[in-house]
Structures are given as structure tokens and as C-alpha cells.
Amino acid sequence: MKNKSNSNLNQIANIGSNIENRTLPIRVLGIDLGTTNSTVTNLLKEKDSKEVIETYEIKQEIPNSGYTIDKLLPSVVAIINGETFIGEGAKRKRGENKLYKNIFYECKNDIGNQKTYNNAPEGYKNPKDIASIIIKRLHEVAQKEDDNHISKICVTIPASFQLSQKNDTRNAAISSGISDDKLILIDEPVAAAIGASLPVTEPIGTMIVDIGGGTTEIAVISLNGIGVLETINTAGDEQTEAIVQWFKDHHKLAIGERTAEMIKCTVGSAVRTSGKSIAVKGLDLITGIPKTVQISSDEIRQALSESIYQITAAIKRALDKTPPEHASDLIDFGIVMTGGGAQLKGLDEHIKNKTGLPVHVAEDPIYSVVKGTGIVLDSLKKYQNVLIQP
């Protein structure tokens, strides 16, 4: 069965990665506006060109694709003593002092719900303003002297967004300086599926599980559309918070989010493992003195167990809603995981054990969404029916 599933997945990849081999007359940009992190891809005029944008972010070239991806920009904006910080600088300010006012994060999911920041200065009054600032920064990262020659900019949005949220996201992009005639929108799980080389335009049912920072979206996609969708607000950030809370409850130790993230990446696992441990430094909540504790990977598995259960349960709900003809496709082709959360050790094995289906983690899963925007922009004619119509 394993050989069959791998063969079938290769078949899907071959179908889905059939990108038009042509030279672009102009430049296009793809933007993944994430709850926790955002990034931008730059599709160049010619595929054999290896132009790299000058920016503070490190570049990652996607082999044989002709475009580059800027490493993740935290979706955080801060105003401290009249100075505006965007991205990593704002995230550091948030980590330094949680009591700082006017630090805006995880704003994307509040777009379109009339939320306002009453004490914020003009231009930072609501989630749409913050989204616009982040999009503008990503646009600036990719901006060149020939910026007027950018023909299209593709921005991703959650598939669960209502019409008002989609409209506000569009307005945020336009407010950032992107002209309406250049702007196109695409659902995140569809972009993730395309970035993972799944054949979204074919009459084949494929399931994508996109585990981001703030949300997990599970979609069954076929013939350019989402047939089944499950969205939960359980993802990587909640797992990080669960680790922070675990140390408070079980070790009376205060640790920061960066430390918790490091622990999750180093010894975090969705399944039992043996022998791996790590020394963790933090502040003793009883004595107020720094101390070090030794913890095992199994402790972190326990800390993450609730979030893993919630993600698995959402996948099962999506499977329950899947039409029989697509369910048979999933038996053959399995589930494909994308997003940063897909990198948790053993999560694919855990989901396979709970569903009985093959589970595959996309290559570079954290970049699947933005990579998908690049593929769409490179083949707009092929993918025009997957785009969100204005």
C-alpha cells in the first residue's frame, strides 16, 4: 500500500506541476498574508533569471522555478514612543514587554468584524489598517525601480472568510498602494494545494491540511473549487502557548515564546519518542531566580496533546463530509499537509494512525501557500477559475 500511495502521489505531482514553460513579459508578486507570519514571492521576467531582491530578509530561491521567496516577516506592527516597527522588530518589542500599548498582532482574522483600536493613532485604528501596513511592507520588500511594470499581485486570504472580510482584505491591499486592476485574491488552502503540486483543476479529490500560526484550514479540492472546508483556531501559536503554560503548571518556570518555539522544534512530537531530552532555562516562579530544568520529549508531547487532538478531530470532520467519489480518491492519494505546523515531528504518523489514510508533508511546507501564488501567477490562464472574483 505504501508503494501504491507514493506512486499515486507522484502521479498527482506530475499533473499539478505542469506549469507553462514560457517567458513572462512582466513581473508579478505573490503575497501570503499570514496570521502570525507573512511572506512574498517575486516571479521574474524570465525563468532562467536569478534576480534577488535587496532587503533585510534572507532569500530562498526555489530551484528551477525562476522566483525567490523572502523569509518570513512576522505579522506584527508596533508603535513605541512614536516610532513604528514592522515585523521582527515589532515582535521583539512584544517579547520585551507585554504591557506595551499599540502592539498589533494576529490581526488578520479580525478583518471585517468592525473591531477598532481606540487608543491607536490615525492609520492604525483597525485590523484592516494593520493588514495594509504589512502588505505595504511586503510590497516594499519586492519593490524596484521598475515597479510600474508589475502586472499582477496575488494576495491570499482564508477560505473561511465571509464576504465582508474578503472585501476588507481587498481594501487593505488597495490602501497599501496596490491598484485594483493589478490585484487578485486566492483562498489559502487552494494556494497551498497548488504550491504542493496538487491537481486542483482536475476531477480528482485531494485533501490539504494547512496548519499555520493562528488557524488550521482543511479543504477537499477538486475541479478548481473547495468542496469541503473545516477551519479551527488551533495551530502553531496555540501549541507554543501550551508549552509556555506547561512549564508554569508543571515546573513553576516562566519561559518566553521564543524558548517555547525552540522547544517545540527541537523535541516536540505528536507521537511517543524515547531518549530525547533538553535543558530549558527560565525564571523560577517561586524564588524569582533563573534556573534550568531537564525535560523529555514525552513531556512536550503531553503539552501538545490537546492541540493535536483538535487538529485530528477537524480532519475527521472534514472526512465525514467528503463525498464518496472523492473519499475514494483520498484512499489512493492520501492527505497532504502544509504550513509551519506540518513540520511537527510525528504529526503525519499520528494522523495516519487516526484516519487510516496515507499522509504526506509537502516539500518546504511553510512556503506552500506563497509558492502557490507564484505558480498561479505564472499560469494565470490555467488557474483563472480558482481565483476569488471581485
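First, a word on what this report is: a plain description of the structure on this page.

**Some points on the sheet that holds strand β8 (residues 103-105)**
And step 1. Spatially, β7-β6-β8 is the arrangement adopted by the three strands of the open sheet, whose pairing is antiparallel. In the strand order of this sheet, the two ends are held by β7 (83-86) and β8, each with one partner. When strand polarity is set aside, the average angle formed by the axes of neighbouring strands in this sheet is 10°.
And step 2. Two strands pair when backbone bridges link them, and strand β6 (residues 76-80) and β8 are joined in this way by three bridges, in the antiparallel orientation. Among the inter-strand pairings, Val76 is bridged to a residue of β8, identified as Tyr105.
And step 3. Relative to the sheet, helix α2 (residues 88-96) contacts β6, β7 and β8, its axis offset from that of β7 by approximately 105°.

**Some details on the packing of aromatic side chains**
And step 1. Following the criterion strictly, the structure yields two aromatic pairs and no others.
And step 2. Ring plane angle 40° and centroid distance 4.9 Å describe the contact between Phe104 and Tyr117, whose orientation is recorded as tilted. In this pair, Phe104 is assigned in strand β8 and Tyr117 in the loop between β8 and α3 (127-142), connecting sequence segments 13 residues apart. Across the pair, exposure class does not vary: Phe104 and Tyr117 are buried alike.
And step 3. With a centroid separation of 6.4 Å and 20° between ring planes, the pair formed by Phe104 and Tyr124 is classed as stacked. Highlighted residues: Phe104 in strand β8 and Tyr124 in the loop between β8 and α3, separated in sequence by 20 residues.
And step 4. In this structure Phe104 comes out as buried when scored by relative accessible area, which is 4%.

**Comments concerning helix α8 (residues 297-321)**
And step 1. The end-to-end C-alpha distance of α8, which contains 25 residues, comes to 35 Å, matching closely the 36 Å that a straight helix rising 1.5 Å per residue would cover.
And step 2. Where α8 bends most, at Leu304, the angle is about 50°.

**Observations regarding the pattern of salt bridges**
And step 1. Scanning all chains against the criterion turns up ten salt bridges.
And step 2. Measuring nitrogen to oxygen at the nearest pair gives 3.4 Å for the salt bridge that ties Asp298 to Arg272. Here Arg272 lies in the loop between α7 (257-267) and β15 (277-284) and Asp298 lies in helix α8, a separation of 26 residues in the sequence.
And step 3. Look at Arg272 and you get exposed, because its relative accessible area is 63%.
And step 4. Between Lys291 and Asp284 there is a salt bridge whose closest N-O contact spans 3.4 Å.
And step 5. Assessed through its relative accessible area of 28%, Lys291 is described here as partly exposed.
And step 6. Each of Glu230, Arg317 and Lys321 takes part in a single network of salt bridges with overlapping partners.

**A word on the nonpolar core**
And step 1. In terms of nonpolar packing, the biggest core is built from 39 residues, with Met207, Ile243, Phe247, Ile255, Ile263, Val280 and Ile295 touching the most fellow members.
And step 2. Tallying contributions element by element places α8 first for this core, with eight residues.
And step 3. Apart from the residues within four sequence positions on either side, Ile255 is in contact with Ile243, Val244, Phe247, Ala260, Ile263, Val280, Lys281 and Gly282.
And step 4. Of all hydrophobic cores here, the second largest spans 33 residues; its members include Ile31, Leu73, Ala120 and Ile130.

**Regarding the layout of surface pockets**
And step 1. There is about 1100 Å³ of room inside the largest pocket.
And step 2. Lining the largest pocket are 47 residues, and of these Thr36, Asn37, Gly213, Asp237 and Glu261 sit closest to its centre.
And step 3. Counting residues per element, the ones that place at least two in the lining of the largest pocket are β2 (37-43), α2, β11 (206-211), β12 (216-222), α6 (236-251), α7 and α11 (368-378).
And step 4. In terms of residue class, the lining of the largest pocket is made up of eleven nonpolar, 19 polar and 17 charged.

**Here's the deal with empty space enclosed by the protein**
And step 1. One pass over the structure, following the stated rule, counts one cavity of 30 Å³ or more.
And step 2. In this structure, the largest cavity occupies an estimated 60 Å³ of space.
And step 3. Lining the largest cavity, in full, are Leu33, Gly34, Thr35, Ser75, Cys107, Lys108, Ile130, Ala131 and Ile134.
And step 4. Among the residues making up the lining of the largest cavity, the classes are represented as five nonpolar, three polar and one charged.

**Remarks on the pairing of β15**
And step 1. Here strand β14 (residues 253-254) pairs with β15 via two bridges, running antiparallel. Counterpart to Ala254 in the pairing with β15 is Leu283.
And step 2. Relative to strand β16 (residues 290-296), β15 runs antiparallel, the two being bridged by seven bridges. The partner of Ser277 across the bridge, within β16, is Ser296.
And step 3. Connecting β15 to the antiparallel partner β16 that follows it, the hairpin turn spans five residues, and Gly288 within it adopts a positive phi of roughly 75°.

Conventions used here
Residues numbered from 1 in each chain as written. Predicted model: local features only at pLDDT ≥ 70, side-chain atom pairs only at ≥ 80, totals over all residues. Heavy atoms only, no water. Pairing = 2+ DSSP bridges. Helix = DSSP H or I, 4+ residues; strand = E, 2+ residues; numbered from the N terminus. Axes fitted to C-alpha atoms, helices over the stretch in contact; angles between N-to-C directions. Contact = heavy atoms within 4.5 Å. Phe/Tyr/Trp six-rings, centres within 6.5 Å; stacked < 30°, edge-to-face > 60°. Buried < 20%, exposed > 50% of the residue type's maximum accessible area, 1.4 Å probe, protein only. Expected span 1.5 Å × (residues − 1). Bend = angle between axes of the 7 residues up to and from the residue. Salt bridge = Lys/Arg side-chain N within 4 Å of Asp/Glu carboxyl O. Core = buried A, V, L, I, M, F, W, Y, C linked by side-chain atoms within 4.5 Å. 1 Å grid on protein atoms, 1.4 Å probe; cavity = no way out; pocket = protein on both sides within 12 Å on 5 of 7 lines; lining within 4 Å. Points joined across faces, edges and corners; volume = space filled by probe spheres on them. Nonpolar A, V, L, I, M, F, W, Y, C, P; charged D, E, K, R; others polar.

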